[in-house]
Amino acid sequence: MLFSHFLLRKSKKMSRIALLSVLVIVGLSPCFGARILGVFPTPIRSHFIFASALLRGLAEKGHHVTVLSSFPPEGALENYRHIQIATESSSDRGTYERLSTEGWSYFGTLRLLINGLHQTLHTAHSTLHSFEFKQIAQEEFDLIFLEMFLNTFLIGLGDHFKCPVVMIFSAPSSEFINHLSGNPSTVATLPHFLLGKSQEMSFIMRFLNFGFTTVERTVWSVIDWRERIYYEENFPSPKYRSYEEMKKNVSLYFVNDHFSITLPRAYLPSVVPVGGLNIDSNPDALPKDIKQFLDSAEHGAILLSLGSCFKASFLPQKTLDIFIKVFSKLRQRILFKWEQDTLPNKPENVMISKWLPQADVLGHRNIKLFITHGGIGAMNEAKYNGVPIIGTPLFADQKTNLASAEREGWAIVLNIKDLTEELLTTAIDRVLNDSKYRNEIQRMSSLFRDRPMSALDTAIYWTEYVIRHKGANHLQSSLIHLNWFQRNSLDVLLAYIVLFYILMTFIAYLRHLRRMKRRSLGRKLKNEKSKDE
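Our subject in this report is the structure included herewith.

The rules behind each value
Residues numbered from 1 in each chain as written. Predicted model: local features only at pLDDT ≥ 70, side-chain atom pairs only at ≥ 80, totals over all residues. Heavy atoms only, no water. Salt bridge = Lys/Arg side-chain N within 4 Å of Asp/Glu carboxyl O. Helix = DSSP H or I, 4+ residues; strand = E, 2+ residues; numbered from the N terminus. Buried < 20%, exposed > 50% of the residue type's maximum accessible area, 1.4 Å probe, protein only. Phe/Tyr/Trp six-rings, centres within 6.5 Å; stacked < 30°, edge-to-face > 60°. Lys NZ or Arg CZ within 6 Å of the ring centre and 35° of its normal. Core = buried A, V, L, I, M, F, W, Y, C linked by side-chain atoms within 4.5 Å. Contact = heavy atoms within 4.5 Å.

Here we come to the pattern of salt bridges. Here the structure, examined in full by the defined rule, presents 17 salt bridges. Between Asp-142 and Arg-35 there is a salt bridge, and its shortest N-O distance comes to 3.2 Å. Of this pair, Asp-142 sits in the loop between helix H5 (131-136) and strand S4 (143-147) while Arg-35 is found in strand S1 (residues 35-39), placing the two residues 107 residues apart along the sequence. What makes Asp-142 partly exposed here is its relative accessible area of 23%.

Right, dumping it as structure tokens:
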């Protein structure tokens with residue numbers, strides 16, 4: 001009895017200690033239940049998909065997440081507040097139709113960039129003046145997430161809310177991020193994203209790389225000049241810090257990269273590669289109709305999706321007819337992302353859907369082939385799930401993404417403007433029946449998955465790290481505080497040249513003095529000799 005009473009008192013004491021320990025830990029963890037704001041005004045779904053996985057993951061960990069975007073989450077999510085914002089459509093039908101007819105080109109990519117620059121800047125500007133933003137403008141936040149895509153001027157929100165800023169870039173690191181973060185430039189070691197993946201940096205490759213990188217830096221300088229105008233209009237001094245100051249105040253950059261995606265490269269602590277962030281290792285169950293369609297695919301299934309920007313309905317009728325005729329002759333079932341209600345002449349083995357959970361579909365055991373435009377998100381999802389691809393690039397980095405995959409041996413690239421029934425049929429037959437494609441992508445999938453932490457866990461850790469350490473300014477490189485002249489040590493080189501000149505001048509002066517002394521001594525000896533004679 002006495003012993004049991006002692007145990008009861010002891011257990012109560014231990015419970016109080018455990019409870020006190022939990023409270024102390026919670027009290028010492030300033031990121032517990034942090035208030036996080038995400039501002040994503042760009043109306044490009046694929047860009048938001050990359051970031052939304054992190055936002056959902058933070059909400060599931062107990063943080064209070066507020067998101068401004070035009071893409072609401074599917075279903076209710078605890079701790080996640082979505083504020084719908086009105087944005088202009090990113091689908092320039094005329095431009096995309098030309099791309100689907102002409103195929104990938106540098107001119108088409110540049111045209112999209114120019115069109116997108118004005119629209120994206122205007123949309124971000126409108127968001128700051130919207131009723132929806134004014135609803136939260138007076139709230140307090142512990143951290144802000146911003147999508148980094150032609151709207152860098154939004155970093156002024158960090159000064160407005162007096163909290164750290166983290167930028168999310170849905171592509172691998174660029175020269176612009178290197179410039180902002182102080183991350184080492186890779187001009188001599190890694191090919192430009194428009195040149196494709198190449199281990200060997202020959203003189204020709206370095207020559208081209210230097211030219212492409214110089215053009216990219218020039219383009220970013222022009223964009224940065226435009227962004228400065230928007231910044232000064234929305235965040236005027238002296239109320240807010242200058243644009244240059246705020247660019248040096250970014251705590252972290254999350255980039256969609258991994259050494260199996262591009263090539264090994266150096267990253268500073270403030271630039272965190274989280275390639276495949278949007279891919280859930282425990283995917284949700286597929287919609288019932290899609291699951292039933294794929295489960296019953298006796299001979300396997302093929303996924304056809306051309307991304308979130310480009311609509312399959314933009315395809316020329318001739319190209320669409322080629323896909324339909326080839327699909328109608330296959331034993332496999334085809335899941336086709338088609339943005340309209342009906343598909344004329346749709347074969348029985350084809351199922352259409354306006355939107356697909358692409359990463360989850362690619363994870364289905366019966367998916368044998370993925371026909372894609374080659375966007376970085378699609379490529380990562382295919383790589384993660386070990387699905388070989390046939391690619392038809394349209395713009396931006398898609399051509400080089402697909403060319404890299406083709407060189408690695410798990411893709412076939414077709415030019416959409418030259419597409420024929422024979423070419424498409426042959427490509428499908430090769431990928432489905434030649435085991436080398438499946439074997440190579442399985443090897444790449446193993447490399448892509450093998451990490452000490454998942455991309456999501458990595459991003460969550462560093463997000464909470466920044467919150468815990470009030471912006472974690474100690475992660476920043478001192479390089480961001482140097483100008484271009486200083487970054488390239490041109491001032492030091494100039495100082496060495498001046499010192500060398502001074503040294504050479506001093507040595508020359510000493511030699512001159514020595515010669516003068518010798519001449520003087522010679523004349524003196526000559527005079528003395530004349531006197532003796």
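That covers the picture; the talk isn't over yet.
This model, assessed by the stated rule, comprises 16 aromatic pairs. Taken together, a centroid distance of 6.4 Å and an interplanar angle of 75° make the contact between Phe-133 and Phe-161 edge-to-face. One end of the pair, Phe-133, is in helix H5; the other, Phe-161, is in helix H6 (residues 156-161), with 28 residues separating them in the sequence. Across the pair, Phe-161 and Phe-133 agree in class, each one buried. Ring centres 4.6 Å apart and planes at 10° place the aromatic pair Phe-176 and Trp-220 in the stacked group. Here Trp-220 lies in helix H8 (residues 203-234) and Phe-176 lies in helix H7 (residues 175-181), a separation of 44 residues in the sequence. Residue class for Phe-176 comes out buried when judged on its relative accessible area of 7%. According to the relative accessible area criterion, Trp-220 is buried, its value standing at 18%. One residue, Arg-45, lies across the ring of Trp-355, its end atom 4.5 Å from the ring centre. The ring of Tyr-384 carries Arg-449 above its face, with NZ or CZ at 3.8 Å from the centroid.

Cis geometry is adopted by the peptide bond preceding Pro-238, which originates at Ser-237 and carries an omega value of 5°. Even without being a glycine, Lys-162 presents a positive backbone phi close to 55°. Although it is not a glycine, Lys-470 adopts a positive phi angle of roughly 55°. The class of Lys-470 is exposed, set by a relative accessible area of 64%.

Counting residues in each nonpolar core, the largest one holds 42 residues, and the members touching the most others are Leu-146, Phe-153, Ile-155 and Leu-157. Dropping the residues within four chain positions of it, Phe-153 is found in contact with Leu-121, Ala-124, His-125, Leu-128, Glu-227, Tyr-230, Tyr-231, Asn-234, Phe-235 and Tyr-243. Cys-309, Trp-338, Ile-416 and Val-431 belong to the second-largest nonpolar core, a separate cluster that totals 34 residues.

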